[in-house]
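Listed here are the chains, written in short residue letters.
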Amino acid sequence: MPELPEVEALAGFLRENAAGRVLARADLAAVQAIKTFDPPLSALAGLEITGAGRHGKFLDLDVSGIHLVVHLARAGWLHWRENLPTAPPKPGKGPLALRVHLDDGNGFDLTEQGTRKGLAVYVVRSPAEVPGIARLGPDALLVEREDFARLLAGRSGQLKGALTDQTLIAGIGNAYSDEILHAARLSPFKMADKLSEDELVRLYDAMRATLTGALERQRGQKAATMKGEKRSGLQVHARTGLPCPVCGDTVREVSFADTSLQYCPTCQTGGKPLADRRMSKLLR
């Protein structure tokens, strides 16, 4: 799933390549992707793209005051295209959800792989009209340490869930939460409201360093190379069975119904493997 660094980098890419151009038209290829009807998608045609930004993991394209907001979900992505075909795409064919044409013949496709469709497109007058944005907690790169500590102190649950709860802290998903917890040397099953002062400081500093480092690696990348850049920088996420680059221990995995997490026992859990069952007694 694209997270804060990738979505921020995509916004920067669009500011460089699309801002100042006129949005000629937008072709919807997956009817289930559009979540709003007023303004209609057709209202964007003929308007200048004036900016691009991010709200948590939502991408926001400002089209002369009307906002095209996108949540890429788990398997969505933006593909920049030069010399887009002029014929409208056939609905329901392949991974294409939305095609945006610019006045110079270039543009971009929003696609989503797999059968579980979660990519969402909103056309709104204000980003705050998007329910997911209205519920966002403070941004992970903007929240102050004192506020971060207060938010976690009021959260009764495990750290992994706290970091990925967008209403608590916005922008972190499955991959970077694994990376942050590894950098902070904390178990994903540690209770959020039971952290010591030293653990809170480590977690906050790890969050800032992990996200800032990832964002720096993404800046200047083309949309087509961002996914590969993300993978190349990961220490534990999606590295099950490989050696931890910090201590050399084998990276382990905990599997759930539709997701998984990765961690290093030596770095994070005192050498003890975590139970790989949701209903098992979890290591605190």
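Above: the structure in question.
Now for a description of the structure that goes with this document. (Residues numbered from 1 in each chain as written. Predicted model: local features only at pLDDT ≥ 70, side-chain atom pairs only at ≥ 80, totals over all residues. Heavy atoms only, no water.)

1. Looking at the pattern of salt bridges
When the charged atoms of two side chains with opposite charge come close together, those side chains can pair. For the structure on display, the rule yields 20 salt bridges. With its nearest N and O atoms 3.4 Å apart, the salt bridge here joins Lys-230 to Glu-6. In this pair, Lys-230 sits in helix α7 (residues 226–232) while Glu-6 sits in helix α1 (residues 4–17), placing the two residues 224 residues apart along the sequence. Both residues of the pair, Lys-230 and Glu-6, count as buried. The shortest N-O distance in the salt bridge between Arg-125 and Asp-38 comes to 3.3 Å. (Salt bridge = Lys/Arg side-chain N within 4 Å of Asp/Glu carboxyl O. Helix = DSSP H or I, 4+ residues; strand = E, 2+ residues; numbered from the N terminus. Buried < 20%, exposed > 50% of the residue type's maximum accessible area, 1.4 Å probe, protein only.)

2. What about the packing of α1 against helix α6 (residues 197–218)?
Remark: α1 packs on α6, axes separated minimally by 9 Å, with the N-to-C direction vectors making an angle of 35°. Judged by the sense of rotation from one axis to the other, the crossing of α1 with α6 is right-handed. Mapping the contact onto sequence places Leu-4, Pro-5, Glu-6, Glu-8 and Ala-9 in α1 and Leu-211, Ala-214, Leu-215 and Gln-218 in α6. When grouped by side-chain class, the residues that make up the contact of α1 with α6 number six nonpolar, one polar and two charged. (Axes fitted to C-alpha atoms, helices over the stretch in contact; angles between N-to-C directions. Left-handed = near helix turned anticlockwise from the far one by under 90°. Contact = heavy atoms within 4.5 Å. Nonpolar A, V, L, I, M, F, W, Y, C, P; charged D, E, K, R; others polar.)

3. Structural notes on the packing of aromatic side chains
One pass over the full model with this rule turns up three aromatic pairs. Aromatic pair Phe-58 and Tyr-122: ring centres 6.5 Å apart, planes at 55°, arrangement tilted. Taken as a pair, Phe-58 in strand β3 (residues 58–63) and Tyr-122 in strand β8 (residues 120–124) lie far apart in primary sequence, 64 residues in all. With a relative accessible area of 8%, Phe-58 lands in the buried category. (Phe/Tyr/Trp six-rings, centres within 6.5 Å; stacked < 30°, edge-to-face > 60°.)

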